[in-house]
Every structure is written in C-alpha cells, then in structure tokens.
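Summary of structural features
Listed below are the residues making up each chain.
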Amino acid sequence: MKICFVSAHPMTYPGGVQNHILALKKEYEKRGHEVKIIYAKDKSSKNGKKDEILFGRSVYLPGNASKANLSLEFNTRNIKKNLEKEDFDVLHFQNFGIFLPWQVLRASRKIKGKRALNVLTLHAFWDASRMLKILSGFFSSYFLPKFDALITVSEPVSKQIRYNGISEIIPNGIDLKNFSPEGEKIKKFCDDKINILFVGRIEERKGLIYLLKAFEILKAKYKDIRLIVVGDGFDRKKMERFAEYRKIQDVFFEGEATNEELPRYYRTADICCFPAIFGEAFGIVLLEAMASGKPVVAFSNAGYKEVLVAKGKDFLVEPKNIKGLSEKLERLIQNKELRESLGNWGRIEAEKYSWLKIASKSLNFYDKVIKSKSQ
C-alpha cells in the first residue's frame, strides 16, 4: 500500500505524536509499504525530504495547558494537485489540528474516482482544555463523519467524542530495543544514592510542583535520595526557584534529553515518578519507564490508569495528593526487592505495546475498513 501520515504537528521537534508517526512509518516500510508524511513548515523546517510533503506554515500557540500549533496552506489547489499525483491508498491523520489537516481532508474528499481512505487517530484528551470540551459536540457531529474510520489511543479519548463509523482503540507503542534495562547510564548519577526520575514538559499539567513537595518531605528523612528532572517548559524557572527557595538538596534540572540520552536516564533511575494532574490521553512516559524495567509512581489521571493496571495500579495516587505521593515513593525507597519486582512486571507489561504489534493492529484495521467499504 501507499500510505501517507498527515501530522497536525511539525516533525521538527520531538513529541509523542511525531514519535508515533516515525515508529509506524519504520514498521510499515519493513513490510514493503511506501510511506510519506504531510506536515506544515515551522521556523525550524528545512526543505522536505523525499518522503515528506510540506504545506503552509505552522505557528505555536499556548493551548491544552501546554503548547499547541496552528498551520495553514494558502494555496489549497496545491494540496489537491499533490494528492492526485501521489495517489495514496490511505491518508492517516494523526490528531486533527487547525487548519492544515482539515484542508488535506477536504482536498482528499474532492478527488474524483478512486480516492484514499481517510483514517483519523485521536491522541488528545480534551480534559485539559475547557474550549475543546465545549467544541467536542461540534467536532463529533461535523468533522468526524467525514472520515472513513477512527482510531483512538485509549478509552478516555473514545469516550469524549461520538462516532458511528468503524472505530477501534489502538494504543501508543514503545521501542523495546531502545528502552530496555540493558545499556549505558548517566555516569554522574551512578553512585549509592537512590535516583527518582521525572520526565516531561515542565508545565502546570505535568504536576512537577507536587513531586518537588513530596521529595522535600522525603529528603528530610532520607539523605541518600536524589531527584532528576528531565525536560523543559514554561514553568522550569519557577520550579528551579521553588527548589532553591525551599533549600531542597539533590534536585537536578537536566533540561531536554536527546533521543539518545533519554533511555540512559531511565536506566539510571531507581524509581520513576509522573505526577501529571489531568489531560493525559495515555502514558507514553510510563511505557518508557516500564520498558526500561523501572517501577513507576504516578497520579491516577484517566490516561495513566490505562497503562498502570494489575500490579502497577497499586502505585497510582489521587492527583495533587502530596502525602499519598510521598508515601508510595517511600515504599519503594525502603524496599529494593519491591522496586525490582515492580520493574520486572513493567517490562513484561510493556511488551504488549511493541511497535511490531501496534503496526500490525493498524494495518489490520486498514484492511478491515477497506473490506467494509468494498461491500
């Protein structure tokens, strides 16, 4: 098949959706499919590669308690012309942003004769945005019926919309070779201290302030613990000032990690903690930690509850509960065997989400929709 991913986000900066696209592309190509990516240029974009089609421009806006982007192609005829030339079998939209994905969908639907199958994967959980929750009804009634099929990454995402067509829940995946217990670590943190790791954007929704307060409680009791913060964001300076003002020792703000560095941070950790308070559709960072064989403590937002099941759900804490967070972390600080047991469980659980399996589910879904349309 000839497949094209339509990204609502530029491919020039790392992110969950971008990684999802690239991982599926890699797996599809292994199986002989031809794959391209459509996205909008941003200030970091260079000329598109041979497997990329760039339209319009993208600008970043604050949104969804995080960073959102708006993209637009002024020459809409150019979109239709390119789609006709490429003659894709599947256009797989990854999130539905404003405005480029809508322009591509419209152009696809205007092609006469054989046209591509239009499939949408929704990654976003709109709990983080009051405006998006208000608009969900309009989105369900106006935009969704124009797609041939729908994929959502989790049950919470499915429940926020209404769709009467062919749909399926297919979660995000994980690279089990890249994120694994074996490999290099961050040498400067390899000593006798217990490393607690946070990975994520430093913004209100990710809840780092609650982890800092829990760590402050624990640091008063345990001198041999360390908090490593990997990530950047709007609130980084604020969090650094908080740690400095409260004189919390052994807190290290590392900034963003490259794709090569990130697995090393997970391997260096003894415990991983993800205190996002809301707005999580799934839990990619949880999967990364679990695949690395590390125990996870997290706030029980809707998306994280999809990933931390069975043995793992014992280490979910009500959002914003600092005392509960410190207690769960303390259990793991005190008990090395428990850390190892939970880490081993996580690695086995993460194997369910290998990109090999997720790609197979996605390709099987295409076939299912194609057969349905041909009947």
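Relevant structure appears above.
Now for a description of the structure that goes with this document. (Residues numbered from 1 in each chain as written. Predicted model: local features only at pLDDT ≥ 70, side-chain atom pairs only at ≥ 80, totals over all residues. Heavy atoms only, no water.)

**Considering the nonpolar core**
By size, the foremost hydrophobic cluster in this structure holds 99 residues, and its most contacted members are Tyr 266 and Phe 274. By residue number, the principal contributor to this core is helix 6 (residues 208–219), which donates seven residues. One finds Ala 23, Val 35, Val 119 and Ala 149 within the second-largest nonpolar core, a separate group that totals 26 residues. (Core = buried A, V, L, I, M, F, W, Y, C linked by side-chain atoms within 4.5 Å. Buried < 20%, exposed > 50% of the residue type's maximum accessible area, 1.4 Å probe, protein only. Helix = DSSP H or I, 4+ residues; strand = E, 2+ residues; numbered from the N terminus.)

**Side note on the sheet that holds strand 13 (residues 271–274)**
Taken in spatial order, the six strands make up an open sheet running 12-11-10-13-14-15, and their pairing is parallel. Of all strands in the sheet, those bounded by a partner on one side alone are strand 12 (251–255) and strand 15 (316–317). Sheet topology places strand 14 (residues 296–299) next to strand 15; two bridges connect them, and they run parallel. When the bridges of strand 15 are listed, Ala 298 appears paired with Leu 316. Set on the sheet, helix 6 makes contact with strand 10 (194–199), strand 11 (225–230), strand 12, strand 13 and strand 14; between it and strand 11 the angle comes to about 165°. (Pairing = 2+ DSSP bridges. Contact = heavy atoms within 4.5 Å. Axes fitted to C-alpha atoms, helices over the stretch in contact; angles between N-to-C directions.)

**Remarks on the packing of helix 11 (residues 322–334) against helix 12 (residues 336–350)**
The interhelical angle for the contact between helix 11 and helix 12, taken along N-to-C directions, is 105°, at an axis separation of 5 Å. Taken as axis vectors, helix 11 and helix 12 run roughly perpendicular relative to one another. Residues Arg 331, Leu 332, Ile 333 and Gln 334 of helix 11 touch helix 12, and the partners they reach there are Lys 336, Leu 338, Arg 339 and Leu 342. A breakdown of the residues in the contact of helix 11 with helix 12 according to their chemical character gives four nonpolar, one polar and three charged. (Parallel < 35°, antiparallel > 145°, perpendicular 65-115°, else oblique. Nonpolar A, V, L, I, M, F, W, Y, C, P; charged D, E, K, R; others polar.)

**Regarding the layout of surface pockets**
In this structure, the second largest pocket occupies an estimated 340 Å³ of space. The wall of the second largest pocket is formed by 22 residues, among which Lys 185, Ala 269, Asp 270, Lys 294 and Arg 339 lie closest to the centre. When residues of the lining of the second largest pocket are traced back to their parent elements, those giving at least two are strand 10, helix 8 (262–268) and helix 12. Sort the elements by how many residues they give to the lining of the second largest pocket and helix 12 lands first, with five residues. Tallied by class, the residues present in the lining of the second largest pocket amount to six nonpolar, six polar and 10 charged. (1 Å grid on protein atoms, 1.4 Å probe; cavity = no way out; pocket = protein on both sides within 12 Å on 5 of 7 lines; lining within 4 Å. Points joined across faces, edges and corners; volume = space filled by probe spheres on them.)

**Details of unusual backbone geometry**
Unlike most non-glycine residues, Lys 247 shows phi in positive territory, near 55°. Of note, Lys 320 is a non-glycine position whose phi angle comes to about 75°, a positive value. Among the secondary structure elements, Lys 320 is positioned in the loop between strand 15 and helix 11.

**Describing empty space enclosed by the protein**
In the structure shown here, the tally under the stated rule is two cavities of 30 Å³ or more. Size it by volume and the largest cavity reaches roughly 50 Å³. In terms of lining, the largest cavity is formed by His 20, Leu 24, His 92, Thr 121, Ile 151, Ile 170, Ile 358 and Ser 362. Grouping the amino acids of the lining of the largest cavity by side-chain chemistry returns four nonpolar, four polar and no charged. Estimated volume of the second largest cavity: approximately 40 Å³. What lines the second largest cavity is Met 290, Lys 294, Pro 295, Val 296, Leu 308, Gly 312, Leu 342, Trp 345 and Gly 346. For the lining of the second largest cavity, the element with the most residues is helix 12, which contributes three residues. Class assignment of the residues belonging to the lining of the second largest cavity gives a composition of six nonpolar, two polar and one charged.

So, to be careful, I would describe these as geometric facts and stop short of saying anything about function.
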